[in-house]
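# Commentary on secondary and tertiary structure
Letter by letter, the chains look like this.
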Amino acid sequence: MTAHGDACFKLIILDSKPFTWETMIFEPGRFQFMDKPDQTRHVKPGTKKETLTREERQKQLEFQKEAVVHLNSLYNYALHLTMNPDDAEDLVQETYLKAYRFFNSFERGTNCKAWLFKILKNNYINRFRKNSKEPGKVDYDLIKDFYHSIKDVQNDTSEADSDYFHSLLHEEVYQALHSLPEEFREVIQLCDIEGFTYEEIANMVESPIGTVRSRLYRGRKLLREQLEGYAKKYGFNTDTDQ
Amino acid sequence: MSAAVDCELSLREEQVFLLHLSECQECKDELEEAKNTKMIIKEKIVQFKAPQTLINSIMELTSVTRLEQEDSVLFE
């Protein structure tokens, strides 16, 4: 409702009850004046928002919709690669910076998550692997420490089930996964955890699809052996069928 | 085998594979095991949440969000 007259101001009623002029005197809490109507909802010239071009704004919005939604996945991938929360954070940050800068070269309609993962992987190779002392060597204590240091308050849902698969703990699967040679672990992670297609994985690890297939096959087999090792340790009979 | 687990077989490959499965218990078992392994990984690997500081700094990158939030606050 706009009061008329020469003065240009807008009267805003704060509830839905009928408005009378008496209201202004007796119930002042029910309305407020805005002396420059609608100004706040529009861009004032010279504000920060105006300095952004339309294109830039468009890019930002699209980037959020396409790329930022994968933040958690990227973070987890970075954690798996670096085994260190601080490094993982750096890596993700760097990845997003790069991705944003080169967002125009992202092929629209393709899987943005795969694109981001590839950038992250490249960053990782450039930055971290160069300095690593003994690449490929697995430090089980490190994994254990790492896992405990970062473990969420997440409930351990593994009940005392007769099925040994269900009795496996997150940590054991995690350790088993990390005990695999990197080329196997990587494809399993990308396929089973992140749900990429073989084609996307092949592109990411820069190997033919046939190689991805066979690595997955062998990797899963190795993992399976590892897990059975745990199961035996806890006295589950793995010879019975599931 | 892995392609069968991940539904990545081509139509022709799948036909051949299914035909083979119908007469080979060994491969049938192996397929089950492979499927199971995949499921274990999917279910048991904990996905961590990215720390809030990281989320914030990524959001900063795309400052539109911040301005829009301000907008909606004003609007309310």
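Residues numbered from 1 in each chain as written. Chains lettered and ligands numbered in written order. Predicted model: local features only at pLDDT ≥ 70, side-chain atom pairs only at ≥ 80, totals over all residues.

### Considerations on the overall build of chain B
Stated precisely, the cut-off is as follows: Secondary structure is summarised from DSSP: a helix means a run of H or I of at least four residues, a strand means a run of E of at least two, and numbering begins at the N terminus for each.
Tallying secondary structure elements over chain B gives 5 helices and 0 strands in all. Shown N-terminal to C-terminal, the secondary structure of chain B runs as helices and strands in the order α-α-α-α-α.

### A look at the overall build of chain A
For clarity, the cut-off: Note that contacts rest on C-beta atoms placed from the backbone: two residues are in contact if these are within 7 Å.
A count of helices and strands for chain A gives 12 helices and 2 strands. Starting at the N terminus, the α and β elements of chain A follow one another as β-α-β-α-α-α-α-α-α-α-α-α-α-α. Counted over contacts in chain A with a minimum sequence separation of 6, partners at least 24 positions apart contribute 55%.

### Focus on the confidence of the model for chain B
Close inspection of predicted coordinates is inappropriate in any region flagged by low pLDDT. We count it as follows: Each residue gets a pLDDT score, which is the predictor's confidence in that residue and runs from 0 to 100.
Across chain B, the average pLDDT comes to 80, with 80% of residues at 70 or higher. Under a pLDDT of 50 for its full length, residues 64-76 of chain B has, in the predicted model, 8 contacts with residues more than four places off or in other chains.

### Concerning unusual backbone geometry
All names here are of chain A. The residue Met-83 is not glycine, and still its phi comes out positive at about 60°. Here Met-83 lies in the loop between α4 (71-82) and α5 (85-101). Unusually for a residue other than glycine, Glu-206 sits at a positive phi of about 55°. Tracing the backbone shows Glu-206 in the loop between α11 (198-205) and α12 (209-233).

### Quick word on the nonpolar core
Quick reminder of the rule: Think of a nonpolar core as buried Ala, Val, Leu, Ile, Met, Phe, Trp, Tyr and Cys residues, each tied to the set through C-beta atoms within 7 Å. Comment: burial labels come from other C-beta atoms within 10 Å of the residue's own C-beta, placed from the backbone, where a count of 20 or more is buried, 12 or fewer is exposed, and between is partly exposed. The split of the chain into domains comes from an automatic or database domain assignment.
Ranked by internal contacts, the top residues of the largest apolar core, which has 43 residues, are Ala-78 and Leu-116 of chain A. Each of domain 2 (53-131) and domain 3 (140-233) of chain A accounts for three or more of the residues forming this core.

### Focus: the packing of helix α10 (residues 182-193) of chain A against α11 of chain A
Residues and elements named next belong to chain A. The criterion, for reference: Axis lines are fitted through C-alpha atoms, for helices just across the contact stretch, and the angle between N-to-C directions can take any value from 0 to 180 degrees. Working rule for angles: under 35 degrees goes down as roughly parallel, over 145 as roughly antiparallel, 65 to 115 as roughly perpendicular, anything else as oblique. Crossing handedness: left-handed means the near helix sits turned counterclockwise from the far one by under a right angle, and right-handed means the same turn made clockwise. Asp, Glu, Lys and Arg are counted as charged, while Ala, Val, Leu, Ile, Met, Phe, Trp, Tyr, Cys and Pro are counted as nonpolar; the rest, among them Gly, fall into the polar class.
It is at 10 Å that the axes of α10 and α11 come closest, and there the two elements cross at 140°. The angle between α10 and α11 falls in the class oblique. The hand of the α10/α11 crossing is right-handed. Residues Glu-186, Val-187, Leu-190 and Cys-191 of α10 form the contact with α11, whose own contacting residues are Ile-201, Met-204 and Val-205. For the contact of α10 with α11, the class distribution of residues is 6 nonpolar, no polar and 1 charged.

### Digging into the confidence of the model for chain A
All names here are of chain A. The predicted model of chain A has a mean per-residue pLDDT of 73, with 58% of residues at 70 or higher. The least confident element of chain A, judged by mean pLDDT, is strand β2 (residues 31-34) at 49; the most confident is α11 at 92. In the predicted structure, residues 1-10 sits below a pLDDT of 50 and forms 13 contacts with residues beyond four places in sequence or in another chain. Residue range residues 33-44 is modelled with pLDDT below 50. Its contacts to residues more than four positions away, or to other chains, number 13 contacts.

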